[in-house]
Amino acid sequence: MDIYDELGVKPVINAAGTYTVLGGSRMSEETLEAMNSAARNFVPIREFQKAAHQAIAKLTKNEAAYVSNGAAAGLYLAIAACIEQKLGKPFYYLTPEEIASCNVLLFKAHRNPYDLVIGHLGARYRELSFPNRIFPPTEADLEYAIDEGTAAIYFAASGWVAPGFLPLEELVPIARAKGVPVLVDAAAQLPPVENLWRFSELGADLTLFSGGKDLRGPQASGLMVGCKALLDRVTAIGFPHYGIGRMLKVSREEIAGLYAAIKQYLAMDHGARYDWCEAQIAALREALDGKGVFTVRRSFPNEAGQPIARAFLEIVHPRYTAASVRDFLLKGNPPIYAYSEDLPGIFINPMSLKAGETDLIIKRLQRLKPGGAD
Ligand SMILES: *Cc1c(COP(=O)(O)O)cnc(C)c1O
């Protein structure tokens, strides 16, 4: 029996994207089998981590790699490693006062709920510039903001960041000259697959990806890639060591699952996947555009900045609103999740759909008639 049936929880159709609150992504059978095979036997965890991390570093063209239990957990470890490096003493021995003497620099435009780990570690935020276009930051702004307590620069790479930050290419030389490591939060920046090494090539010291989003690894996994010296520190702070690493346990199943998922992501035909997504948008347009309820448009890139198109179904009939259409989709069986982003319509994101689901969404939406739902 299906576990969701057994517990009386309804699975949903995810037309929203790689949202963690819906499960992020679907693992392949091959990934599930890698996790199963890891679960069947004991293994010295440090030895397994070392082998998997080396293999992942090689696959992703990076000096080093580390599997964490999520990008947010990875960020916590990365900043701890930077603080340790700044203060020259293992993180385990640092006092709250010593940690508080460190700051992490970030643009106000990059503030987001994932950066809360900076405060949780006890480091200070040093916020730079303004999250708008009025007074764009200059290289001098960054140079003067770095001081003797600056342990790291946090850079959020995403489609939803506000204007008001220096591009990574301009930021890196300044950070390098001052000896401050740059952490790139690229949790949702796959695709394109090249991003697995692109941020490192641009000079990021560490880049963080979510394992449970488009990589399709275990939901509770994350990938860190980059500079070996910093990742050696992360390894020494992280699981299975006591201290903060112990709270951020990464199971052998997750390590195995993420390793398998990365291999498949690299081997995947990304062009065919892009074409499939375009075909879903064309099908939605063909079936629903200009029939009285919706105007259907292609929207590119998506809200995370990923180069995959979505369909935007603008509501053109006064009987319906974005909220009422979303509600109608959610109340059906199976429930369909689609987001609006405060616009007068809904987005259908093909990234998280599988074959057949677009048809189901179309059939459901065709029940909305200009004269009212049937
Ligand atoms: C999703 C996301 C995270 C968190 O990733 P997890 O793997 O779920 O911990 C962090 N930062 C950004 C920008 C994200 O989009």
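A brief look at the structure comes next. (Residues numbered from 1 in each chain as written. Predicted model: local features only at pLDDT ≥ 70, side-chain atom pairs only at ≥ 80, totals over all residues. Heavy atoms only, no water.)

The next subject is the packing of aromatic side chains. Enumeration over the complete set of coordinates arrives at five aromatic pairs. Taking the centre distance of 6.4 Å and the plane angle of 35° together, the rings of Phe 130 and Phe 135 count as tilted. For Phe 130, a relative accessible area of 40% puts it in the partly exposed group. Ring geometry for Phe 312 against Phe 347: centres 4.7 Å apart, planes inclined by 45°, an arrangement best described as tilted. One end of the pair, Phe 312, is in strand E10 (residues 310-315); the other, Phe 347, is in strand E12 (residues 345-348), with 35 residues separating them in the sequence. Its guanidinium or amino end placed over the ring of Phe 199, Arg 198 lies 4.9 Å from that ring's centre, counting from NZ or CZ. A cation sits over an aromatic face here: Arg 310 above Phe 347, 3.7 Å from the ring centre. (Phe/Tyr/Trp six-rings, centres within 6.5 Å; stacked < 30°, edge-to-face > 60°. Buried < 20%, exposed > 50% of the residue type's maximum accessible area, 1.4 Å probe, protein only. Helix = DSSP H or I, 4+ residues; strand = E, 2+ residues; numbered from the N terminus. Lys NZ or Arg CZ within 6 Å of the ring centre and 35° of its normal.)

Our next topic: the site of the ligand. Lining the immediate environment of the ligand, one finds Thr 20, Gly 70, Ala 71, Ala 72, Tyr 114, Trp 160, Asp 185, Ala 187, Ala 188, Ser 210 and Lys 213. Note that an oxygen atom of the ligand is positioned 2.5 Å from one of the side-chain N or O atoms of Ser 210. Within the contact set of the ligand, an oxygen atom lies 2.8 Å away from a side-chain nitrogen or oxygen of Lys 213. Relative to its unbound accessible surface of 380 Å², the ligand loses 90% to contact with the protein. Taken together, the residues of the shell around the ligand break down into six nonpolar, three polar and two charged. (Near = heavy atom within 4 Å. Polar contact = N/O pair within 3.5 Å; in protein donor to acceptor, adjacent residues only side chain to side chain. Areas by Shrake-Rupley, 256 points an atom, 1.4 Å probe, with all protein chains shown as cover. Nonpolar A, V, L, I, M, F, W, Y, C, P; charged D, E, K, R; others polar.)

Right, let's talk about the sheet that holds strand E9 (residues 294-299) for a bit. With antiparallel pairing, three strands are arranged side by side in an open sheet as E9-E10-E12. One side of each edge strand has no neighbouring strand; the edge strands of this open sheet are E9 and E12. In this sheet, adjacent strand axes meet at a mean angle of 20° when their direction is disregarded. Its contacts with the sheet put helix H13 (residues 270-288) on E9, E10 and E12, and the angle it makes with E9 is roughly 165°. (Pairing = 2+ DSSP bridges. Axes fitted to C-alpha atoms, helices over the stretch in contact; angles between N-to-C directions. Contact = heavy atoms within 4.5 Å.)

Turning to helix H8 (residues 168-178), a few remarks are in order. Of the positions making up H8, those classed as buried are Leu 168, Leu 171, Val 172, Ile 174 and Ala 175. Along its buried surface, H8 packs onto strand E3 (103-107), helix H7 (139-145), strand E5 (150-156), strand E6 (182-185) and helix H9 (195-201). Gly 179 lies just past H8 and shows a positive phi near 70°.

All right, on to the packing of helix H3 (residues 45-59) against helix H12 (residues 252-267) then. The description of two helices packed together rests on the angle between their axes and the distance between the axes. Look at H3 against H12: their axes get within 10 Å of each other, and the N-to-C directions meet at 15°. By the criterion of interaxial angle, the relationship of H3 to H12 is roughly parallel. For H3 against H12, the interelement crossing comes out left-handed. In contact with Ile 45, Phe 48, Gln 49, Ala 52, Ala 55, Ile 56 and Leu 59 of H3, H12 contributes Arg 252, Ile 255, Ala 256, Tyr 259, Ile 262, Lys 263 and Leu 266. Its residues assigned to classes, the contact of H3 with H12 shows eleven nonpolar, one polar and two charged. (Parallel < 35°, antiparallel > 145°, perpendicular 65-115°, else oblique. Left-handed = near helix turned anticlockwise from the far one by under 90°.)

In this section: a nonpolar patch on the surface. On the surface, a cluster of nonpolar side chains totalling about 420 Å² of accessible area is made up of Ile 3, Tyr 4, Leu 7 and Val 9. Tracing the chain through its elements places Ile 3 in helix H1 (residues 3-7). (Patch = residues over 30% accessible without salt bridge, like charges linked within 9 Å, V, L, I, M, F, W, Y side chains within 5 Å. Salt bridge = Lys/Arg side-chain N within 4 Å of Asp/Glu carboxyl O.)

Moving on, we get to the packing of helix H4 (residues 71-87) against helix H10 (residues 228-237). Closest axis-to-axis distance for the H4/H10 pair is 9 Å, and the angle between their directions is 110°. The pairing of H4 with H10 is recorded here as roughly perpendicular in orientation. In this structure, H4 contributes Leu 77, Ala 78, Ala 80, Ala 81, Cys 82, Glu 84 and Gln 85 to the contact, and H10 contributes Leu 230, Arg 233, Val 234 and Ile 237.

Moving on, we come to unusual backbone geometry. Cis geometry is adopted by the peptide bond preceding Pro 192, which originates at Pro 191 and carries an omega value of 5°. Summarising the element assignment, Pro 192 is placed in the loop between E6 and H9. Cis geometry is found at the peptide bond from Asn 333 to Pro 334, where omega equals -5°. Here Pro 334 lies in the loop between helix H14 (322-331) and strand E11 (336-337). A positive phi angle, near 50°, is found at Glu 341, a position not held by glycine.

Of all five residues in E3, five are buried; the element is thus mostly enclosed. The alternating pattern of E3 places Asn 103, Leu 105 and Phe 107 and Val 104 and Leu 106 on opposite faces, both of which are buried. Pairing between E3 and strand E4 (residues 124-128): five bridges, direction parallel. Residue Phe 107 lies in a different strand from E4, and its bridge partner there is Leu 128. Handedness of the crossover joining E3 and E4 through helix H6 (residues 116-121): right-handed. One ladder, built from three bridges, connects E3 with E5; its direction is parallel. The residue of E5 that forms the bridge with Val 104 is Ala 152. (Right-handed = clockwise from strand over helix to strand, strands pointing away.)

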